[in-house]
Protein chains: 2
Amino acid sequence: MTPYAAPVRDFRFVLEELLEHGSLTLPGFEEASPDLVEAVLEEAAKLAGDVWAPLNASGDRQGCTRGQDGSVSVPDGFIEAYQAYVEGGWNGIGVSEALGGQGLPEVVASSVQEMLHGANMSLGLCPMLTAGAIEALAHHGSEEQKATYLPKLVEGTWTGTMNLTEPQAGSDLSKVRTRAVPCPKGEGDYYRLSGQKIYITWGEHDAAENILHLVLARTPDAPEGNKGISLFLVPKYLVDDDGSLGERNDVTCASIEHKLGIHGSPTCTLSFGENAGAIGYLVGEQGRGLNHMFTMMNEARHKVGVQGIGVAERACQHAFAYALDRVQGRRPPHRGGGECAISDHLDVRRMLLSMRARTDALRALALYCAAQLDVARHAAEEGEREAAQARAEVLIPVVKAFSTDQAVEIASLGVQVHGGMGFIEETGAAQLLRDARIAPIYEGTNGIQALDLAGRKLQRDGGRALGGLIDEVEGTARALCAAPRLAPLGEALAAGAADLTAALAVLLEQGSDHERGPDAIQAYATPFLSLAGHVLCAWQMGRSALAATAARQAGSQDPFYATKLQSADFVLRQWLPEGRAQRAVIEAGMESLVAFEPGAHQV
Amino acid sequence: MTPYAAPVRDFRFVLEELLEHGSLTLPGFEEASPDLVEAVLEEAAKLAGDVWAPLNASGDRQGCTRGQDGSVSVPDGFIEAYQAYVEGGWNGIGVSEALGGQGLPEVVASSVQEMLHGANMSLGLCPMLTAGAIEALAHHGSEEQKATYLPKLVEGTWTGTMNLTEPQAGSDLSKVRTRAVPCPKGEGDYYRLSGQKIYITWGEHDAAENILHLVLARTPDAPEGNKGISLFLVPKYLVDDDGSLGERNDVTCASIEHKLGIHGSPTCTLSFGENAGAIGYLVGEQGRGLNHMFTMMNEARHKVGVQGIGVAERACQHAFAYALDRVQGRRPPHRGGGECAISDHLDVRRMLLSMRARTDALRALALYCAAQLDVARHAAEEGEREAAQARAEVLIPVVKAFSTDQAVEIASLGVQVHGGMGFIEETGAAQLLRDARIAPIYEGTNGIQALDLAGRKLQRDGGRALGGLIDEVEGTARALCAAPRLAPLGEALAAGAADLTAALAVLLEQGSDHERGPDAIQAYATPFLSLAGHVLCAWQMGRSALAATAARQAGSQDPFYATKLQSADFVLRQWLPEGRAQRAVIEAGMESLVAFEPGAHQV
């Protein structure tokens, strides 16, 4: 497998020139000087490239193993690599200082996350889940819970898990059956949990001292449906009053899954309460478990999008290295003739540029979204915070779903660039496709993301937040039209913005219909998200083209800017048209889907 | 894994109503009565569903094993399943009666092939390669070679392989280095081969008595490049004069590949001449090996396209069965409310209909192409034969590349329909994606197919054959516009035809430029093939809509026709727009690709 080199230059371009250090100058980020940020990116790049990336292929081959006692061993080297991450203080970089973290901006934390996932997605999942547990406890835990658990989670010496899914409760969590019974009065302030959870990422492993499971369960006499579900903290080892580890709790790994990819990440079925019942502590309010879980879900979804971009970046690097090295065929005479690397054939170049340009675009959008999260938390003005939060909430399902769908396509194109070699596992390109394929599924399928966008997020404010973004897209289009040599990009972007505006109007009008609204949202959600993803990514690349042009006009000779202009040109003129086709799909209406009876189509 | 049920009803619809028994009435097919064809399809469906399909998942899990002596064992049950195929006489159904086959039309043989690949793609590869060897010997072998080898190949008791690729010679076969040295005069009419071939499908196995390797090699003093390459027949066991098997030849399996998919198909590295040199016999003319190989390549490519459709069909069946069974969420009140299967959610329906409609469309186009092959071989009039051959040659790269690219997408969508289950290997959906992923790579990558179409096939006749097809597309569009309720489909198809016409004009004009033509062909080939694939598939679905409407008007109550109209509506109004976007991609020009330097984009 080609070594991984974190794209530090591109992170710096986005942070410094596209976001213009926006997040870094917010109140609370005084210490995040450009120099510090640069140093953080460089150090993270070393950890990712030197420590995590070399274990990616071996971790895939070896996978995880479950012992007969329910213990789970992660692949060789993973414990040490995770330890290096913990010792470097990386787990807390995005956590606020009040909770013991470094409190760096989300744009920086997201950049580091992308590097780690690009280096080793299976290992990257462990801290991703811990981050969710930190969020849940920080927002909803009692002071005592925070004091007991947060420091270890923030350090990373303990890890966290999210226990949502059960066999009958996947996308529809109202069907959760795991039970939590309060212990008899006077015996303590805890519950006994029993039930089975599936698809628990890093649910059991040997890389940390303790594991804190956050579990959705139903209390006795709780109402049916969502309102009967509460959130519980179930530690693998109970924690004594002095903070030391006590008894083993009644939660065991019943099995680990045999999966298409991310073999280095143990995906567990967890059994709670096979004996006395697993001891669990209520987090937040009874009956508000789903709400509490969804507080952190938004950020977890952003992280999955970023993860997809990390894998896409690695697929790019892999494919470029192969294509530049593999000699096959001849260059046409007018370009010098002679034997050449396959990267000289324009058909291969199309694949490479498509991979690179899309990855650049997805990254710029994901970091723009991260910057909105920073503003939403740290801006001085409440109005500014609220506006940024509204934008982030619209952008997050796009970042999650669009980045991960594209990551699968980019990884698949990476396989194709390798020809026959791409299908051979030892090459490494196939692993990236296998790994990438989970990201459109977990943390809410991409269909669920599309419904979140087209339903909840757009309907509740009548498309106002997205409308504000489209205004900005149009502004960028005008700026491109006014710039020398960028007018064709501006025209393309303006056309994309017009399509998105038209599709939004259809979605708002039909989606608000009292009777047929839910169907309309379901019918248009996926094409709408794809259209929005294309247009918003194209917007960011339009901004990139303007920034690159400005840098060149200011005298920069850095060849990076030429590559950025090439990516922008491809995104706006050769990739955006594919997204624009989704307007026609939406305008074709929903009748064909309503009339469609899948049972009649079965063979 | 969901059982496989061959889509016999749809094969019959295409054969009887779309092709109107076209091939079946050609001279030479007198015995292929509709009744016989129906019986053949029903019997093939049983073999595929009852014998081959149940081994698909177990074959994937077990894979092939190579012994230390270089022998290769295929998965349990494969030998018996192949034997059942041979004993049923299936290997010869598409082979002419003169060569000992049944001489059934290609449309029927292709239908049977799709079933077998849908049931078990790994096993299906074995006879696919044998068919190539039959073609090669039938067209280019000496009378003695035909007499010695063809009967066993046609029976299937011996199998064939294609030995093209070497580590330095993939898409560019002019780099073949395997050597073939004529034996000293008077010692016999054979050569001694030495060298190594890679990626040899079913290159060694224990499912047949003998294996006949067709090998590209270079004779001493042969010129550099393509013209120095000849084709040789190298049997695993030499054949004595009485037809019995003699000595083991000097060809061994050095290793088998560890692949992303098709684990049940042994992909071998073959070493020729590690000892005395492998005995091989020249097939056809010295120096014409590549030409001889390409004679059969066209048909092999059609078969790979059909293979993709088979896997797509199985992915459909798998996804439909899951979606109809999996209860999750609730139906909207105006459609009855209550708990429902996920197939009731319109977003899931979109995925299912997209899978089904595209599979239907790809099948109709592949069988239309097969019918052209039948006409090209059997029509009474030479002009008719030539016109059909020209059409088939234009269609084959489309069928190969477009069907296999789409098959990967369809299989990936199948994974998505399953949610978390899709990522678990035991479910079976992931295997279909892994298996499908090879088809865009082998038998000429899809990039090579696009170049074949945009370069050789379109440039040599100035787009005449494709232009004839576009005329037919326009005719179908007019017929749709004139039919009640189908006008929107007709308008969509007409717009697609206009885009294809415009793109063809760009390709012909820029492609014929003396200097920059080769670059233009490279730059536009892939988007052009995608556009052509969408438009031609949409054409077939437009024809399907007309046929279904006619059947209903004639009083049929068969619900099949309603499903066909739904597939057609989706293809024309919701899928074709995505393909039409490729016109804009082509009109964006080639400058961005020419200017693009992949080396500058490396991190």
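In the nomenclature of an unreviewed UniProt entry, chain A is known as Acyl-CoA dehydrogenase of Halomonas pelophila. Quoted verbatim from the Cofactor (unreviewed entry) field of the UniProt record, the comment on chain A reads "FAD". A UniProt comment under Sequence similarities (unreviewed entry) is attached to chain A, and it reads "Belongs to the acyl-CoA dehydrogenase family."

**Remarks on the interface of chain A and chain B**
Chain A puts 94 residues into the contact, and the matching count from chain B is 94 residues. Roughly 8,300 Å² of surface becomes buried between chain A and chain B when both sides are summed, with 60% attributable to carbon and sulfur atoms. Run the count over chain A and chain B and you get 4 salt bridges. The tally of links from chain A across to chain B stands at 56 residue pairs in polar contact (both at pLDDT 80 or more).

**Brief notes about the UniProt feature "domain: Acyl-CoA oxidase/dehydrogenase middle" (unreviewed entry) in chain A**
The residues that UniProt annotates with the feature "domain: Acyl-CoA oxidase/dehydrogenase middle" (unreviewed entry) are residues 162-272 of chain A. The straight-line gap between the two end C-alpha atoms of residues 162-272 of chain A is 14 Å; of that span, 0% is helix and 47% is strand.

**Details of the environment of Asp50 of chain A**
Residue and element names in this part refer to chain A. Mapping Asp50 onto the fold places it in helix α2 (residues 34-52). You can call Asp50 exposed: its relative accessible area is 57%. Taking the C-alpha atoms as reference points, Asp50 and Ala98, separated by 48 residues in sequence, lie 31 Å from one another.

**Quick look at the pattern of salt bridges**
All names here are of chain A. This model, assessed by the stated rule, comprises 67 salt bridges over all chains. In this structure, Asp10 and Lys564 form a salt bridge, with 2.6 Å as the shortest nitrogen-oxygen distance. Residue Asp10 is found in helix α1 (residues 8-18), and its partner Lys564 is found in helix α16 (residues 560-587); the two are separated by 554 residues along the sequence. On the basis of relative accessible area, Asp10 is assigned to the buried category, the value being 5%. You can call Lys564 buried: its relative accessible area is 2%. The salt bridge involving Glu313 is made with Arg363; its shortest N-O contact spans 2.7 Å.

Cut-offs and rules
Residues numbered from 1 in each chain as written. Chains lettered and ligands numbered in written order. Predicted model: local features only at pLDDT ≥ 70, side-chain atom pairs only at ≥ 80, totals over all residues. Heavy atoms only, no water. UniProt positions renumbered as here; feature names shortened; annotations may be inferred. Contact = heavy atoms within 4.5 Å. Buried area = accessible area lost by both parts, 1.4 Å probe. Salt bridge = Lys/Arg side-chain N within 4 Å of Asp/Glu carboxyl O. Polar contact = N/O pair within 3.5 Å; in protein donor to acceptor, adjacent residues only side chain to side chain. Helix = DSSP H or I, 4+ residues; strand = E, 2+ residues; numbered from the N terminus. Buried < 20%, exposed > 50% of the residue type's maximum accessible area, 1.4 Å probe, protein only.

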